[in-house]
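Observations on chain architecture
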Amino acid sequence: MTINAVPDHVPPEMVRDFSLFTSPGMAPTPNGDPHAAVACVHAGPPIFYSPYNTRDGRGTWVITRAADQRRVLQDAETFSSHRSIFSSALGENWPMIPLELDPPAHGVFRSLLNPLLSPKRLVVLEPKVRERAITLILRIAASGTSCDVMKDFAFPFTVSIFLRLLGLPDHRLDTFVGWAKDLLHGDNVKRPAAARTIVAFIDELATKRRKEPVDDFMTFIVQAQVEGRRLTEEEVRGIGVLVFIAGLDTVAAAIGFGLAYLARNIKDQDLLRREPDRIVLAAEELLRAYPSVQIIRVATKDIDFEGAPIRKGDYVSCAAMIANRDPAEFECPNTVDLAREDNRHAAFGFGPHRCLGSHLARREIVIGLEEWLARIPAFRIQNATAPITSGGHLFGIENLILDWS
Amino acid sequence: MRIIVHKAKCQGHARCSAQAPDVFKLDDEGYILPGDIEVAEGEQLLASRGARSCPERALELDPTPAARVVPDAIEPRVWRA
């Protein structure tokens, strides 16, 4: 890794020794709380420069206030999302679609995909989500009084929902999870290898569905039309890859952080179990307190932002975990209040790229909590174990061993 | 009470309709239908909660004079009478 120099146009006094990768609490930490660790930036200025704030060691501006993040993310003309995050791992530069397209092309593809994951559509998908949660939890309950929540529930649950959405068989679940793990958390050898495997898989699936259409997501994509034409192979791939990786880690992490909180806060756990109607609101608060994504944009032109000289090509970070702890936006931001109202958190981003899967993600989190609390008695973190949390481009939690003996 | 809908700001979070589905109607993609919303009495509490839940600040509360005379969610101050 190279040490990143601070660009000449960045005033030295605006540089801070902070990043989601290298600051205290960001490395894998037993019993860590990376979200609380990043909240310390609110003692400082609304914008500063972080010399090492991406996986590949690039510097970014860091926007701390929720209102400013909203301004940046709503302005896709000035702050572009085309970074080729995925294809750059292959030395290529095609966009994931619609995430890495800017308006107006973005809107065309977004409109195509919105109905597939709209609130209305979720009513149809919901029974299968619930059925899947119940099956997994019943199996866990029948096999003992403890489990590794991430391995035994959060990942199999969220990944299988997503595989069904794509029309892929459950028995390949472990394979897909392995690819995703290598891609999102692997080293410089595993990451491009996983990226290549995923591209080959998506291309092959698209070819298959072109020849033999069935009633699934990929068939819809290969048959779809935008502006009176079929999608190109690269567009189909851009959509397929995005959908493949977007649904894998994030929802599982949200469920994990949520259950870890409830395991440590028995009163809140009891309350939600006794009054499950509170879970919908509580899930929003858990999303606020424990989001997993840092969104990065690229400036398309020079702009002075709150006194910071952002120049064309600069990276601008809008980390949901930072916006969600903004005291100007949330009263007592570091306190989890499961009854919090008017909770306009940033877990799914702002602006035209608002998480396309947010409605599905919300239902998975709510249903996962509902069914878990209904079927598993008072649970705690197992003695002599410690969940391991990590920061970085996707905040996560592992080794979450719950015990209800 | 009236809710001013800034349609261009709506990004389909659908938090408003999660709070008050009868007040905030969405299209097939999950975005708010265009046009300001006249809120019926009895729906004002949920409607204002829905408006306040918009992450994009696309919904603006516009209390009409009538609504100001009889604000909902505030108990009559009997003790004063």
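Cut-offs used in this document
- Residues numbered from 1 in each chain as written.
- Chains lettered and ligands numbered in written order.
- Predicted model: local features only at pLDDT ≥ 70, side-chain atom pairs only at ≥ 80, totals over all residues.
- Heavy atoms only, no water.
- UniProt positions renumbered as here; feature names shortened; annotations may be inferred.
- 1 Å grid on protein atoms, 1.4 Å probe; cavity = no way out; pocket = protein on both sides within 12 Å on 5 of 7 lines; lining within 4 Å.
- Points joined across faces, edges and corners; volume = space filled by probe spheres on them.
- Nonpolar A, V, L, I, M, F, W, Y, C, P; charged D, E, K, R; others polar.
- Helix = DSSP H or I, 4+ residues; strand = E, 2+ residues; numbered from the N terminus.
- Buried < 20%, exposed > 50% of the residue type's maximum accessible area, 1.4 Å probe, protein only.
- Pairing = 2+ DSSP bridges.
- Arc of directions from axis to C-beta.
- Axes fitted to C-alpha atoms, helices over the stretch in contact; angles between N-to-C directions.
- Parallel < 35°, antiparallel > 145°, perpendicular 65-115°, else oblique.
- Contact = heavy atoms within 4.5 Å.

Looking up chain B in an unreviewed UniProt entry gives the name Ferredoxin, with the organism given as Mesorhizobium tianshanense.

The name given to chain A in an unreviewed UniProt entry is Cytochrome P450, and the organism recorded there is Mesorhizobium tianshanense. Database annotation for chain A, UniProt heading Cofactor (unreviewed entry): "heme".

**Notes on empty space enclosed by the protein**
Summed over the entire model, instances satisfying the criterion amount to two cavities of 30 Å³ or more. Its volume calculated, the largest cavity comes out at about 110 Å³. In this structure, the largest cavity is lined by 17 residues; those nearest its centre are C10(B), H13(B), A14(B), C16(B) and C54(B). Among the residues forming the lining of the largest cavity, the class breakdown is 10 nonpolar, five polar and two charged. Looking at the second largest cavity, its volume works out to about 40 Å³. If you go around the second largest cavity, the residues you meet are A254(A), I255(A), G258(A), A283(A), L286(A), L287(A), I365(A) and L369(A). Of all the secondary-structure elements, those providing two or more residues to the lining of the second largest cavity are α10 (249-264), α12 (279-289) and α14 (358-375) of chain A. Per-class residue counts for the lining of the second largest cavity are seven nonpolar, one polar and no charged.

**Describing the pairing of strand β8 (residues 294-299) of chain A**
Here is the key point about a regular strand: its side chains alternate between the two faces of the sheet. Residue and element names in this part refer to chain A. Of all six residues in β8, six are buried, a share of seventy percent or more. Residues of β8 alternate between two faces, with Q294, I296 and V298 on one and I295, R297 and A299 on the opposite face, all of them buried. Bridge count for strand β4 (residues 79-80) against β8 is two bridges, and the pairing is antiparallel. Of the residues in β8, the one forming a bridge with F79 is A299. Pairing of β8 with strand β11 (residues 315-319), which is carried by five bridges, proceeds in the antiparallel orientation. Across the sheet, I295 pairs through a bridge with C318, a residue of β11.

**Comments concerning helix α11 (residues 266-274) of chain A**
Because each turn of an α-helix spans 3.6 residues, side chains separated by three or four positions in sequence point in the same direction. Residues and elements named next belong to chain A. Residues of α11 that are buried: D268, Q269 and L272. When α11 is viewed along its axis, its buried side chains cluster within an angular range of 100 degrees and face the same direction. Residues of α11 that are exposed and angled more than 90 degrees away from the buried face: K267 and R274.

**Observations concerning the packing of α10(A) against α11(A)**
All names here are of chain A. Remark: α10 packs on α11, axes separated minimally by 5 Å, with the N-to-C direction vectors making an angle of 110 degrees. Taken as axis vectors, α10 and α11 run roughly perpendicular relative to one another. In contact with Y261, L262, A263 and R264 of α10, α11 contributes I266, D268, Q269 and L272. Residue composition of the contact of α10 with α11, grouped by class: five nonpolar, one polar and two charged.

**Notes on the UniProt feature "transmembrane region" (unreviewed entry) in chain A**
As recorded in UniProt, the sites labelled "transmembrane region" (unreviewed entry) are residues 239-263 of chain A. Within residues 239-263 of chain A, the helical portion is 92% and the strand portion 0%, while the C-alpha atoms at the span's ends are 37 Å from each other.

**Observations concerning the environment of E370(A)**
Residues and elements named next belong to chain A. Along the chain, the position of E370 falls in helix α14. Overall, E370 belongs to the buried group, its relative accessible area being 19%. When the C-alpha positions of E370 and A105 are compared, they lie 39 Å apart, and in sequence the two are 265 residues distant. Apart from residues no more than four positions distant in its own chain, E370 is found in contact with R130 and I279.

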